[in-house]
Structures are given as structure tokens and as C-alpha cells.
Amino acid sequence: MKKNIAVIRGDGIGPEIVNEAIKVLDAVAKKYGHTFEYTDADMGGCAIDKYGDPLPQHELDKCLNADSVLLGAVGGPKWDSVPGNMRPEKGLLRIRAGMGVYSNNRPAKIWPQLADASPLKPEIVEKGIDFIIVRELIGGIYFGEHRTFEDGERVSEDVMRYSESEIERIGRIGFETARKRRKKLCSVEKSNVLDTSRLWKSVIHRLAEEYPDVELSDMLVDNCAMQIVKNPAQFDVIVTENMFGDILSDEASMITGSIGMIPSSSLGAGSNGLYEPIHGSAPDIAGTDAANPIGTILSAAMMLRFSFDMPREADDIEEAVGKVLSGGFRTGDIMQSGMKKVKCSEMGSLIAQAVSEI
Ligand code: IPM
Ligand code: MG
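Computed from a predicted model, the values in this text were never measured in an experiment.

About the cut-offs
- Residues numbered from 1 in each chain as written.
- Chains lettered and ligands numbered in written order.
- Predicted model: local features only at pLDDT ≥ 70, side-chain atom pairs only at ≥ 80, totals over all residues.
- Heavy atoms only, no water.
- Near = heavy atom within 4 Å.
- Polar contact = N/O pair within 3.5 Å; in protein donor to acceptor, adjacent residues only side chain to side chain.
- Areas by Shrake-Rupley, 256 points an atom, 1.4 Å probe, with all protein chains shown as cover.
- Helix = DSSP H or I, 4+ residues; strand = E, 2+ residues; numbered from the N terminus.
- Nonpolar A, V, L, I, M, F, W, Y, C, P; charged D, E, K, R; others polar.
- Buried < 20%, exposed > 50% of the residue type's maximum accessible area, 1.4 Å probe, protein only.
- 1 Å grid on protein atoms, 1.4 Å probe; cavity = no way out; pocket = protein on both sides within 12 Å on 5 of 7 lines; lining within 4 Å.
- Points joined across faces, edges and corners; volume = space filled by probe spheres on them.
- Pairing = 2+ DSSP bridges.
- Domains from an automatic or database assignment.
- Contact = heavy atoms within 4.5 Å.
- Buried area = accessible area lost by both parts, 1.4 Å probe.
- Salt bridge = Lys/Arg side-chain N within 4 Å of Asp/Glu carboxyl O.

Novice: Describe the site of ligand 1, and please don't skip the residues or the numbers.
Specialist: The local shell around ligand 1 consists of Glu-89, Leu-92, Arg-96, Arg-106, Arg-135, Tyr-142 and Asp-246. In this structure, Tyr-142 approaches ligand 1 through a side-chain N or O atom, which is 2.6 Å from an oxygen atom. A distance of 2.8 Å separates an oxygen atom of ligand 1 from a polar side-chain atom of Asp-246. The protein chains hide 76% of the 320 Å² of surface that ligand 1 would expose on its own. Residue contributions to the shell around ligand 1 peak at three residues, all from helix α4 (residues 88-99). Its residues assigned to classes, the shell around ligand 1 comprises two nonpolar, no polar and five charged.

Novice: So what's going on with unusual backbone geometry? Which residues, and what values?
Specialist: Look at Ala-282: it is not a glycine, yet its phi comes out positive at around 40 degrees. For Ala-282, the location among the structural elements is in the loop between β12 (274-275) and α10 (294-306). Taking the relative accessible area as the measure of exposure, Ala-282 reaches 24% and is therefore partly exposed.

Novice: Tell me what's going on with empty space enclosed by the protein, and back it up with residues and numbers.
Specialist: All told, the structure shown has one cavity of 30 Å³ or more when counted by the stated rule. Roughly 40 Å³ of volume is contained in the largest cavity. Together, Met-160, Tyr-162, Val-188, Glu-189, Thr-196, Ser-197, Trp-200 and Glu-241 line the largest cavity. Among the elements of the structure, β8 (184-189) and α7 (195-208) are those that each provide at least two residues to the lining of the largest cavity. Here the lining of the largest cavity takes three residues from α7, the largest share from any one element.

Novice: Describe the pairing of strand β7 (residues 154-158), with residues and values.
Specialist: Bridging between strand β6 (residues 146-150) and β7 involves five bridges; their strand directions are antiparallel. Across the sheet, Phe-149 pairs through a bridge with Val-155, a residue of β7. Turn length for the β6-β7 hairpin, with the two strands adjacent in sequence and antiparallel, is three residues, and the turn residue Gly-152 shows positive phi of about 85 degrees.

Novice: Pulling in residues and values, what's your account of the domain arrangement of the chain?
Specialist: Partitioning the chain into structural domains gives domain 1 (1-118 + 259-358) and domain 2 (125-255). Each of domain 1 and domain 2 has a C-alpha centre, and the two are 24 Å apart. Taken together, the contact between domain 1 and domain 2 spans 20 residues of the former and 22 residues of the latter. Buried area between domain 1 and domain 2, summed over both chains or domains, comes out near 2000 Å², and the portion from carbon and sulfur atoms is 61%. By the criterion of area lost to domain 2, the three top residues of domain 1 are Tyr-102, Arg-106 and Ala-108, representing 35% of everything that side buries. In this structure, the connection of domain 1 to domain 2 is made through zero salt bridges. Linking domain 1 to domain 2 there are seven residue pairs in polar contact (both at pLDDT 80 or more). Listing elements by their share of the side of domain 1 that touches domain 2, those giving two or more residues are α4 and β4 (103-109). Among the residues making up the side of domain 1 that touches domain 2, the classes are represented as eleven nonpolar, six polar and three charged.

Novice: Describe the environment of Pro-293, with residues and values.
Specialist: Counting through the fold element by element, Pro-293 comes out in the loop between β12 and α10. With relative accessibility at 0%, the residue Pro-293 sits in the buried group. Along the backbone, Pro-293 and Met-261 are 32 residues apart, and their C-alpha atoms lie at a distance of 7.9 Å. If near-sequence neighbours (up to four positions away) are discounted, Pro-293 is found in contact with Ile-17, Glu-20, Thr-331, Cys-344, Met-347 and Gly-348.

Given below as C-alpha cells:
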């Protein structure tokens, strides 16, 4: 199969981790006789430097015309002082909205090889951590009106808005995802305070009638934050709005041991998806070949699975990651005593090699 992948290396460690994911994709292509063509696109700080805009239309067009998009990370202290609507992160929000990828899938799964790295007590980890956060990605407070104005003093507001149809389409993804797993869906909101959450809850319950095989529960977001550390084994699929999902997915990644391991997929109506690790651009270690490329490599695996319908190829990548971890290789962020510390580029080569040997 021939696929055109738009590649956004971005800022900080972005270029380093994306290069390793490409190494692994190339190993897959060679093994299965696929052709992956890569089109570079600029977004984030590097696009601000080059074009004065975090995502110019011509760069977004490259992504819209591709079969899928692989993204490293954007942002860094260099662009901290640029105005809000021109920040690197704005590029990220614009590409999500521009591609219409409303459904962000963030798995929280513990690798047995890294169980010791979880900050949770062993007796909690032993019960298992394997759940998915389905986060609404192009609505809510992130995309409502933002403004700062004078009213005797400076006042700011950010509007949180959801329509029934926006809730329904992400709710469906939640139910469908649960249906393919352990059939448990937890809908997370703040219906004791927010109107948007009360609407959320009522739409999700209306949908539940179409999914009688899925067990639905409701949870307030503050309680959910607590339950993720207290008893993560209770969760199978969590569905929630944009900002709650942002916060809970960082928490969920932490309990698995390293945010550097977690991939994500973002999909909309079509098969063109956006695939990125959930961590940031880590400017403190950029350029030192010290980053963990596994979150990006696993994001590439998700791309093969969800956008290209290549489940065997995706399985190979995930198995290769497991093999390399079992072989004792670790990047700095997941280093444990007695293990062999490797650079970002070595980790990528080891995983690519393992792919070709499986
Ligand atoms: C994420 C990030 C982004 C978000 C930032 C960088 C805009 O934290 O992907 O989780 O808040 O969505
Ligand atoms: Mg985040």
C-alpha cells in the first residue's frame, strides 16, 4: 500500500522523536512492501520563526491533503512572550479544528516492564491499569470566545460552549470504543455546577439507550481525578469534554510511569487522523538525543491501525517496543537500576530492528 504521511516535526525534542518514528515506519514499509512518503509541514514555533504564523494555510493544506499526519511536539520558552493568538499552541488547536478531528483517544496502559516506575503503590498497580480516555478535542472552552477587557480593572473570560450534536458524536465514539473492550463507559463531567455538563449528561444518557450492552456510569470530574489514583482498575473507557480530558489524561499518563510512553490518535469523520505523543516539546533536553521516542513510535502504530487499516503492522510495532523494554533498554525518563540507558536514536534503531525481526 502507498500512503502519504504529513510530518510535523515541530519544536524542542519534536524533530528527534519524529525521526525515530520514521525509522520504525520505514522498517514496517520494508517488511510488508508498503511505500510511505513523507511530506514535511511546519507548525508551532518553527512556523512562527519562518512565516510569522504558527500554522499558515499552506502548511495546513499539506496535512489536509495527506493520508494522515504524524506530529512531534510544539512550543517552548522562546515563544512564551508572543501574543495568545499567535502562540505555537495555537497552531495545534488550529490543526485539530482544521482537520475536524473531534475525537482524541489517549490510552493509559501500564507496561509490565515499567510497573516499578508507577508512583502508585504496588497493590494498586497489580490490579491493572488499562483504560482509554476519549477526549472531545475541538469544542468547549478551548474554542469558545476568549477576551480580556477593561471594566475598572482588567477582566478576562473564556466561554465554554457545547451543542447536543457535538456531545452526541463524541459520546458515540465513547460507546463504540467501550463496545470493543470491556464494555464499561464512564462519562465524566461537572453537572453539579456547569450547564454544559448537565447537557452532556443528558445527551450521553439518551445515547445509552442505543448501547444496552455497554455499562454506563457518571462521575464528577473532581471525583474522577481522585479515582484515577485510588482505583484505576475500575476504568475501561472514560469519555469527557476537552479541558477535563486534557487534565485527566496527564494524570492518567503519570500513573503508568512515564508520560513519554503515551501515544494518541485524533480522528474525525474521515480516515485522515492526527497522531502525536501526549507529552510536550521538552526544551530542556532538546538537541541532546535524550528524549524518549516511544510515545511517538506508538502513535505511528496507532496511525497504521486506525487510519491505514494495517493491524498486523501496528501489532508488530507494539510487540517490538515490548521486546526492547524486556531486553532492558531504557531512555533516561524510564531508567531503572540494572537497565541499559540508551539515547533517543538508539531506542529508535532498536525498535526498528525488532520490527524487522518479529
Ligand atoms: C495536549 C496539550 C495541548 C492541549 C496544549 C499544548 C495546547 O496539553 O495535547 O494535551 O491542551 O490540548
Ligand atoms: Mg495536555
